[in-house]
Amino acid sequence: QVQLVESGGGLVQAGGSLRLSCAASGRTVSSYDMGWFRQAPGKEREFVAGISPSGGSTAYADSVKGRFIISRDNAKKTVDLQMNSLKPEDTAVYYCARRIRYDSSRFRVEAYDYWGQGTQVTVSS
């Protein structure tokens, strides 16, 4: 079974940076798209960033484009999210997920099957 564990969240002031890491274990993760999603209280879970199996292709939500960078190291089975120039509106629980469906957009929660437990990111004003 695939397990995904996020780490690196915390409290940071606006304009600061955090690097989140998703550690994967279990059966092949390197063959799948991976994504980062976030969910703030009272809001739907939303796509943040995605990355192809080789890491050669990435996608970002417009709200984070130019500020966040997703990367992966298949040898270490990790998927990272470097978050720069953080804003209060970035405050949310961030989740790592494995994409399983390609008949559904990578931007949709329904495209993913395995999820981590989430890590809290809080950005103060």
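Throughout, residues of each chain are indexed from 1 in the direction in which the sequence is written. Whole-chain, interface and lining totals are the exception, using all residues; otherwise, since this is a predicted model, local features are given only for residues with pLDDT of at least 70 and side-chain atom pairs are given and counted only at 80 or more. Computation of side-chain values covers all heavy atoms of the structure but excludes hydrogens and water.

**A word on the environment of Arg72**
This is how the line gets drawn: Counting from the N terminus, the helices are DSSP H or I runs at least four residues long and the strands are E runs at least two residues long. In what follows, residue pairs with any heavy atoms lying within 4.5 Å of each other are defined as contacts. Pairing of N or O atoms within 3.5 Å defines a polar contact, subject to two protein rules: one partner must be a possible hydrogen donor and the other a possible acceptor, and residues neighboring in sequence count only if both atoms are side-chain atoms.
Examined against the element boundaries, Arg72 turns out to sit in strand S7 (residues 68-73). Along the primary structure Arg72 and Gly55 are separated by 17 residues, whereas in three dimensions their C-alpha atoms are 6.1 Å apart. For Arg72, the residues in contact, after removing those within four places along its chain, are Val29, Ser30, Tyr32, Asp33, Met34, Ile51, Ser52, Pro53, Ser54, Gly55, Thr78 and Val79. At a separation of 2.9 Å, a polar atom in the side chain of Arg72 contacts the main-chain carbonyl oxygen of Tyr32.

**As for the sheet that holds S7**
We count it as follows: We call two strands paired when DSSP finds no fewer than two bridges between them. Axes here mean lines fitted to C-alpha atoms, for a helix over just the part in contact, with angles spanning 0 to 180 degrees between N-to-C directions.
A sheet is described by the order of its strands in space; here four strands give the open sequence S1-S3-S8-S7, paired in antiparallel fashion. Either end of the sheet is taken by a strand with one partner, and the two such strands are strand S1 (3-7) and S7. Here the average twist between neighbouring strands, direction ignored, is 15 degrees. Alignment of S7 against strand S8 (residues 78-83), held across six bridges, turns out to be antiparallel.

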